Amino acid sequence: MNASDFVIRRPDDWHLHLRDGAMLRAVTGHTSAHFARAIIMPNLVPPVVATADAAAYRDRILEAIPDGDDFTPLMTLYLTETTDPDDLAAGAASGLITAVKLYPAGATTNSDSGVRDVERVQPVLERMAEIGLPLLVHGEVTDPDVDIFDREAVFIERVLDPMRRRVPGLRVVMEHVTTADGVDYVSSADDTIAATITTHHLIINRNALLAGGIRPHYYCLPVAKRERHRLALRAAATSGNPKFFNGTDSAPHLATDKESACGCAGIFTAPNTLSCLAHVFEEENALDRLEAFLSLSGPRFYGVAPNEGRTRFFKSETPLQVPEKISVQNDDVVVFDPGFPLFWHTEPINAGAFDR
Ligand code: DOR
Ligand code: ZN
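Residues numbered from 1 in each chain as written. Chains lettered and ligands numbered in written order. Predicted model: local features only at pLDDT ≥ 70, side-chain atom pairs only at ≥ 80, totals over all residues. Heavy atoms only, no water.

Trainee: I'm lost on the pattern of salt bridges in this one. Help?
Mentor: Opposite charge on two side chains permits pairing when their charged atoms draw close. Scanning the model with the defined rule gives 16 salt bridges in all. The shortest N-O distance in the salt bridge between Arg-120 and Glu-81 comes to 2.5 Å. On the criterion of sequence distance, the pair formed by Arg-120 in the loop between strand E5 (97–102) and helix H4 (122–131) and Glu-81 in the loop between strand E4 (72–78) and helix H3 (85–93) is long-range, its members being 39 residues apart. Residue Lys-325 pairs with Asp-332 through a salt bridge whose shortest N-O separation is 3.9 Å. On the basis of relative accessible area, Lys-325 is assigned to the partly exposed category, the value being 46%. (Salt bridge = Lys/Arg side-chain N within 4 Å of Asp/Glu carboxyl O. Helix = DSSP H or I, 4+ residues; strand = E, 2+ residues; numbered from the N terminus. Buried < 20%, exposed > 50% of the residue type's maximum accessible area, 1.4 Å probe, protein only.)

Shown next as structure tokens:
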């Protein structure tokens, strides 16, 4: 492999927020330019709770894809304590529903209709285990007595592990894992569990958010942790272990909603994610494992084939030009600033147009 110019299978994003309306139309092209498929998060207002909602949302996404881009949204349902197992099973059988998202109620953006007590959704989880439909977990407890930096570790102990024992065979993705505890848990468990890792958690630790001033554009949930956790995430992402794969959690919000006395959580990384990831993998001497993280391990867990298309990565002396922000409805969405210049560029290559 040439260390400054190489080709991989076209990537997928296994955790993405596209929103709706004007925001959806403004951000979709930033993902479809780089990714063939993405798991679309259902935390709209109101949330995507039934198969019919997901079908309508999918149509709106398809309309927002720029002409010429080849992109498939993979739809999810938002689990509530009143989710109908038959609706979910029918959605999965039709091929429309790829996974179900568990938000503990109150854990993050638009999670109010989430699950308060996981035991109440036991019949739904059993049905999912039976049909092999993955549960995507936002792994943080909401107990106000638990320190926000400990909420992931406590979730594993109090909720995730007991739930997996109660529903053997349930396939689970621990979304946006942010701690060494999460990495250890997933690494040492059986093959029914995997984890996504975001771009930003590989790059920032909690200092980026708080040192020298409060920087709302680095605020996300789960919140970035100490440096030792970031290093554990880097080791997991670049290890080649198929249990860890790319889920950007690119989560656009209007700048005014983030630059506020109560700013909301979410970092918009879609425009520069591939370049950031190549930078990280190069720093870790792991460019030869970038394809596993971006394009192979996710499909393997979800039981689908990797993409036929390819993407070329090449390093240039000219830094990548990424807009600082994109405009949406008289406001902006600020693009993630990794804090260093990016020299990796990417371009799609059509399947069959080159000799691999
Ligand atoms: O930072 C985040 N933003 N974390 C989440 O869990 C939700 C997301 C959003 O929807 O904005
Ligand atoms: Zn998310």
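Trainee: Explain the nonpolar core to me, please; I cannot follow it from the model alone.
Mentor: What tends to happen in soluble globular proteins is that the nonpolar side chains get buried as a cluster. With 90 residues, the main nonpolar core has Leu-125, Leu-135 and Met-163 as its most contacted residues. Those residues in contact with Met-163 that sit more than four places away from it in its chain are Leu-102, Val-118, Leu-125, Leu-135, Val-137, Leu-170 and Val-172. (Core = buried A, V, L, I, M, F, W, Y, C linked by side-chain atoms within 4.5 Å. Contact = heavy atoms within 4.5 Å.)

Trainee: What am I meant to see in the packing of aromatic side chains here?
Mentor: Both the distance between ring centres and the angle between the ring planes are used here to describe each pair of aromatic rings. Applying the stated criterion across every chain yields a total of 10 aromatic pairs. Their ring planes at 0° and their centres at 5.3 Å tell us that Phe-6 and Phe-313 sit as a pair that is stacked. Separated by 307 residues along the polypeptide, Phe-6 in strand E1 (residues 5–9) and Phe-313 in strand E10 (residues 310–315) bring together distant segments of the chain. An identical accessibility class is assigned to Phe-6 and Phe-313; each is buried. Aromatic rings pair up to connect Trp-14, Phe-245, Phe-301 and Tyr-302 into one cluster. Here the guanidinium or amino end of Arg-206 rests over the ring plane of Phe-149, the centre of that ring lying 4.6 Å away. (Phe/Tyr/Trp six-rings, centres within 6.5 Å; stacked < 30°, edge-to-face > 60°. Lys NZ or Arg CZ within 6 Å of the ring centre and 35° of its normal.)

Trainee: Would you mind showing me how to read the coordination of the zinc ion (ligand 2) here?
Mentor: Octahedral metals with six donors have ideal donor angles of 90 or 180 degrees. Tetrahedral metals with four donors have an ideal donor angle of 109.5 degrees. Taken together, His-15 (NE2), His-17 (NE2) and Asp-249 (OD) make up the protein donors of the zinc ion (ligand 2), found 2.1 Å from the metal. Mapped onto the sequence, the residues coordinating the zinc ion (ligand 2) show the spacing H-x1-H-x231-D. Remark: Asp-249 occurs in the loop between strand E9 (244–246) and helix H10 (255–258) and His-17 occurs in the loop between strand E2 (12–16) and helix H1 (21–32); sequence separation between them is 232 residues. Asp-249 matches His-17 in its accessibility class, with the two residues each being buried. (Donors = N, O, S within 2.8 Å, 3.2 Å for Na, K, Ca; no water.)

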